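An overview of the molecular structure
Read off the chains here:
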Amino acid sequence: MNVGLFAPEKWAWRLGYRRVAGTDEAGRGALAGPLVAASVVLPDRKRMEGLENLNDSKKLDPSIRRELFRHILGIAEDWAISCVPASEIDRTGVQPNNIAAIREAVMSLRTAPELVLVDYYHVSDLDIPQWSIIHGDRLSGSIAAASIMAKVVRDQLMWFWSLKYPQYGFDANKGYGTERHVRALRDHGPAPCHRLSFHGVIQMEMGFLE
């Protein structure tokens, strides 16, 4: 385990915070699919067996990510997930929904945390002390765990979409703008799970309608 990964938690514990939640999101920049946020309260490090490979979800092999996901579910004191569909992102914008999803994930925990560690963003209307940490998924074990949970849940949702719309390759690209995905958008137009307000999708949709 990265020995420096829990520095924010150690700081919080020294200040007397015992129930510390990490939160993060996945799918912010995708052309299709939901935005997923997660919030996780981990136990103290003495009870974190199985999380030796814990790291920023983007740095992990998918198989390791899934294994860590199962371990996090098994040892977490509390966890919650929030999903925002593409239609809502189109209606009100990605940034408001990014913050709303994080807020909902935190507020959906069974017991309110004493401190929330957030990757980069400040969450408005959250009546809980919070610490916004740049590159938090690389520095905080709790945020890294939340990033893994959000990523694995979102990947699974995109796999279900791939069964219905296999031409877009969602099982591989997870809704992001790969060459195959953009080519499929050009050839077939957008699917119901696409974010029609996103520039790349708008371009392809306009070309499809011409």
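Residues numbered from 1 in each chain as written. Predicted model: local features only at pLDDT ≥ 70, side-chain atom pairs only at ≥ 80, totals over all residues. Heavy atoms only, no water.

**Regarding the layout of surface pockets**
Test applied: A cavity here means a set of 1 Å grid points, computed over protein atoms only, where a 1.4 Å probe fits but cannot escape. A pocket is an open set with protein on both sides within 12 Å along at least 5 of 7 lines, and lining residues have an atom within 4 Å of a point. Grid points are joined across faces, edges and corners, and a volume is the space filled by probe spheres set on the points. Helix and strand labels come from DSSP, where a helix needs a run of H or I of at least four residues and a strand needs a run of E of at least two; each type is numbered from the N terminus. Side-chain classes are defined by residue name, with Ala, Val, Leu, Ile, Met, Phe, Trp, Tyr, Cys and Pro counting as nonpolar, Asp, Glu, Lys and Arg as charged, and the others, Gly among them, as polar.
Here the largest pocket defines a volume of roughly 380 Å³. In terms of lining, the largest pocket is formed by 18 residues, of which the most central are Asp 24, Glu 25, Lys 58, Asp 119 and Asp 137. For the lining of the largest pocket, the secondary-structure elements that each account for two or more residues are strand 1 (20–26), helix 5 (136–139) and helix 6 (141–164). When residues in the lining of the largest pocket are grouped by element, the largest group, 3 residues, is from strand 1. Residues that form the lining of the largest pocket fall into these classes: 4 nonpolar, 4 polar and 10 charged. When its volume is computed, the second largest pocket comes out at roughly 220 Å³. Around the second largest pocket, the lining residues are Pro 62, Arg 65, Arg 66, Lys 151, Val 152, Asp 155, Gln 156, Trp 159, Asp 171 and Lys 174. Of all elements in the fold, only helix 2 (62–75) and helix 6 reach the threshold of two or more residues within the lining of the second largest pocket. Per-element tally for the lining of the second largest pocket: the top contributor is helix 6, with 5 residues. For the lining of the second largest pocket, the class distribution of residues is 3 nonpolar, 1 polar and 6 charged.

**Some words on the packing of aromatic side chains**
Selection rule: Whether two aromatic rings pair depends on their centres lying within 6.5 Å, for rings of Phe, Tyr and Trp, where Trp uses its six-membered ring; planes under 30 degrees apart make the pair stacked, over 60 edge-to-face, and the rest tilted. Note on exposure labels: buried denotes an accessible area under 20% of the residue type's maximum, exposed denotes more than 50%, and partly exposed covers the range between, all computed with a 1.4 Å probe on protein chains only.
Under the criterion given, the structure shown has 6 aromatic pairs. Taken together, a centroid distance of 5.2 Å and an interplanar angle of 65° make the contact between Trp 159 and Phe 160 edge-to-face. Residue classification places Trp 159 among the partly exposed positions, given a relative accessible area of 40%. Judged by relative accessible area, which is 47%, Phe 160 ranks as partly exposed. Linked through ring pairs, Trp 161, Tyr 165, Tyr 168 and Phe 170 together constitute an aromatic cluster.

**Regarding helix 6**
Note the following rule: Each helix should span, by expectation, one fewer than its residue count multiplied by 1.5 Å. Distance and chemistry together define a polar contact, namely a pair of N or O atoms within 3.5 Å, with one atom able to donate a hydrogen and the other to accept it when in protein, and with adjacent residues in sequence counting only for side-chain atoms on both sides.
For helix 6, spanning 24 residues, the distance from its first C-alpha to its last is 36 Å, which sits close to the expected 34 Å at 1.5 Å a residue. Taking burial as the measure, the 24 residues of helix 6 include 17 buried ones, the bulk of the element. Measuring from the backbone nitrogen of Ser 142 back to the side-chain oxygen at the start of helix 6 gives 3.3 Å, which picks out Ser 140 as the cap.

**Digging into the sheet that holds strand 3 (residues 78–84)**
Note the following rule: Two strands qualify as a pair provided DSSP detects at least 2 bridges between them. Axes, fitted as lines to C-alpha atoms, cover a helix only where it is in contact. Angles between the N-to-C directions of the axes lie from 0 to 180 degrees.
The strand order across the open sheet built from 5 strands is 3-2-1-4-5, with neighbouring strands paired in mixed fashion. Edge positions in the sheet fall to strand 3 and strand 5 (130–133), since each of these pairs with one other strand and no more. Looking at each pair of strands side by side, their axes are set apart by 20° on average, direction ignored. Of the strand pairs in this sheet, strand 2 (residues 35–41) and strand 3 are connected by 7 bridges, and their pairing is antiparallel. Within the sheet, the bridge partner assigned to Val 40 lies in strand 3 and is Trp 79.

**Topic: the nonpolar core**
Inside soluble globular proteins, nonpolar side chains tend to come together where they are buried. Note the cut-off: Among buried residues, the Ala, Val, Leu, Ile, Met, Phe, Trp, Tyr and Cys ones that are joined through side-chain atoms within 4.5 Å form a nonpolar core. Any two residues whose heavy atoms approach within 4.5 Å at even a single point are treated as in contact.
Formed by 27 residues in total, the largest nonpolar core has its most connected members in Val 116, Val 123, Leu 126, Tyr 168 and Phe 170. Among the secondary structure elements, those contributing two or more residues to this core are strand 2, helix 4 (94–107), strand 4 (115–119) and helix 8 (179–188). When residues in this core are grouped by element, the largest group, 5 residues, is from helix 4. Contacts of Leu 126, omitting those with residues within four sequence positions, involve Arg 103, Val 106, Met 107 and Val 116. Counting 22 residues, the second-largest nonpolar core is a separate cluster that includes Val 36, Ile 72, Ala 76 and Val 152.

**Some details on unusual backbone geometry**
Although it is not a glycine, Tyr 120 sits at a positive phi angle of roughly 80°. As for its position among the elements, Tyr 120 is in the loop between strand 4 and strand 5. For Tyr 120, a relative accessible area of 53% puts it in the exposed group. Phi is positive for Lys 174, close to 55°, though the residue is something other than glycine. Take Lys 174: it is sitting in the loop between helix 7 (170–173) and helix 8.

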